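# Notes for the structure review
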Amino acid sequence: MKQKILNVDLTVNLEPRINFTQDIFQKKEIRGLTEELSRVAGYLWDRRWAERNAGNISVNITSFFSRKELDKLSSYPFLPLPREYPGLRRQLLLVTASGSRMRDLAREPLEGICLVYISDSSTAYHVVVPEKTGRDLMPTSELPTHLAIHEMLCRTEAKEKVLIHSHVTELIALTHNPDFRTSQSLTGILWKMHPEAVMFQPKGYGFVPHTIPGTEKIANLTARCFEQNPVVIWEKHGAMAIAKTISEAFDELDLAAKAAGIYLSCSRGGFEPEGLSNDEIAEIRQHYCL
Ligand SMILES: [Zn+2]
């Protein structure tokens, strides 16, 4: 079956595409990944961090496929990207779809995910949708941020393959206090509130001042923060975490939320929490992190 698309030079053979894309979603690793995504989407909804269609998840799944398999995607129609992503050439990402709701992903993940395959030139992408969806899906509106971060992870040969963005209420609340609008001050208060924030985030927490979401500007600022910190907090908006697995990325957000929640509970109780002292934090760091 040959089809001319958009009257340009996109005459493609759609048959192998249909067969291969169905194979993708049947692959054991992808089935496992969508089950994990479904579980974590449920946690995000239960935590009330995912109102309406808030939040998005992406996973670099390139390593699950051979070069030959990925080649099958190269002749399909591509959409232009706003810039080059040289580090993402021929990379395949699983991404939650624009408008998808975490509560629905928890029930049926295949109805709210798509795959994004970056062209050899890295200036365009092709979207693969599960057949059972029965409708067109496009990737999250935060795609520029996901691409910028995955590109940085590829460039630095990082082990992290997963990125989660969620509206973590406790962390958003903290940034409504002008005292907590730097990486240093956020790290300071979160470490003071919970020893495990010191143990599991020894590099501290990143911070991006209020910036319009979905833009290249927030994408670049956030990617730069992730070079230093595995959790980045967006002022008055939410947080992002990178990790090796979807569950671990959720854990990073959950731990930060716990530490922020302790501070907020004390504040609601009408007293300023004492927090761990600098010496106590240093002792934990020496024991666990150095
Ligand atoms: Zn958001």
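Conventions adopted
- Residues numbered from 1 in each chain as written.
- Predicted model: local features only at pLDDT ≥ 70, side-chain atom pairs only at ≥ 80, totals over all residues.
- Heavy atoms only, no water.
- pLDDT = per-residue confidence, 0-100.
- Contact = heavy atoms within 4.5 Å.
- Buried < 20%, exposed > 50% of the residue type's maximum accessible area, 1.4 Å probe, protein only.
- Helix = DSSP H or I, 4+ residues; strand = E, 2+ residues; numbered from the N terminus.
- Arc of directions from axis to C-beta.
- Donors = N, O, S within 2.8 Å, 3.2 Å for Na, K, Ca; no water.
- Expected span 1.5 Å × (residues − 1).
- Patch = residues over 30% accessible without salt bridge, like charges linked within 9 Å, V, L, I, M, F, W, Y side chains within 5 Å.
- Areas by Shrake-Rupley, 256 points an atom, 1.4 Å probe, with all protein chains shown as cover.
- Salt bridge = Lys/Arg side-chain N within 4 Å of Asp/Glu carboxyl O.
- Lys, Arg positive; Asp, Glu negative; His and termini not counted.
- Charge placed at Lys NZ, Arg CZ, Asp CG, Glu CD.
- Pairing = 2+ DSSP bridges.
- Axes fitted to C-alpha atoms, helices over the stretch in contact; angles between N-to-C directions.
- Parallel < 35°, antiparallel > 145°, perpendicular 65-115°, else oblique.
- Left-handed = near helix turned anticlockwise from the far one by under 90°.
- Nonpolar A, V, L, I, M, F, W, Y, C, P; charged D, E, K, R; others polar.
- Domains from an automatic or database assignment.
- Buried area = accessible area lost by both parts, 1.4 Å probe.

Take the confidence of the model for the protein chain next. A residue-level look at the protein chain finds 91% of positions with pLDDT of 70 or above and a mean pLDDT of 91. Across residues 1–18 the pLDDT falls below 50, and counting only partners more than four positions away or on other chains, this stretch makes 26 contacts in the model.

Before going further, it helps to examine helix α9 (residues 216–226). Residues I218, A219, T222, A223, C225 and F226 constitute the buried set of α9. What you see down the axis of α9 is that its buried residues fit within an arc of 155°, all on one side. Seen from the open side of α9, the exposed residues pointing more than 90 degrees away from its buried face are K217 and R224. Where α9 is buried, its residues touch α5 (143–155), β8 (162–166), β9 (206–208), β10 (231–234) and β11 (238–243).

So, about the coordination of the zinc ion. Of the protein atoms, only H165 (NE2), H167 (NE2) and H237 (NE2) coordinate the zinc ion, at distances of 2.1 Å. Written as a sequence motif, the donor residues of the zinc ion are H-x1-H-x69-H. Of this pair, H165 sits in strand β8 while H237 is found in the loop between β10 and β11, placing the two residues 72 residues apart along the sequence. Classification of H165 as buried rests on a relative accessible area of 1%.

On to helix α10 (residues 246–268), then. Given a rise of 1.5 Å per residue, 23 residues ought to cover 33 Å, and the 32 Å separating the end C-alpha atoms of α10 matches this to within 8%. Positive backbone phi, approximately 90°, marks G270, located one or two places after α10.

As a further point, take a negative patch on the surface. A surface patch of like charges, here negative, comprises E274, D279, E280 and E283. Within the secondary structure layout, E283 lies in helix α11 (residues 278–289).

Moving on, we come to the sheet that holds β11. What holds strands together in a sheet is hydrogen bonding between their backbones, with the strands either parallel or antiparallel. Strand order in this open sheet of nine strands is β4-β7-β6-β5-β3-β8-β11-β10-β9, and the pairing throughout is mixed. Looking at strand neighbours, the two that pair on one side only are β4 (79–80) and β9, the edges of this open sheet. Relative to strand β7 (residues 124–128), β4 runs antiparallel, the two sharing two bridges. In the strand pairing of β7, L79 is matched with Y125. Against the sheet, α9 engages β8, β9, β10 and β11, with an angle of about 145° to β10. Against the sheet, α10 engages β3 (56–60), β8, β10 and β11, with an angle of about 140° to β11.

Running from amino to carboxyl end, α5 crosses α9 at an angle of 30°, the nearest separation of the two axes being 8 Å. If you check the angle between α5 and α9, you find them roughly parallel. In the crossing of α5 with α9, the sense of the turn from one axis to the other is right-handed. Across from P144, T145, A148, I149 and M152 in α5, the residues of α9 making contact are E216, I218, A219, T222, A223 and F226. Taken together, the residues of the contact of α5 with α9 break down into eight nonpolar, two polar and one charged.

Along its sequence, the protein chain is organised into domain 1 (2–127) and domain 2 (166–289). The distance between the C-alpha centroids of domain 1 and domain 2 comes to 29 Å. The interface is formed by 17 residues belonging to domain 1 together with 15 residues belonging to domain 2. A buried area of about 1,300 Å², summed over both sides, lies between domain 1 and domain 2, and 58% of it is on carbon and sulfur atoms.

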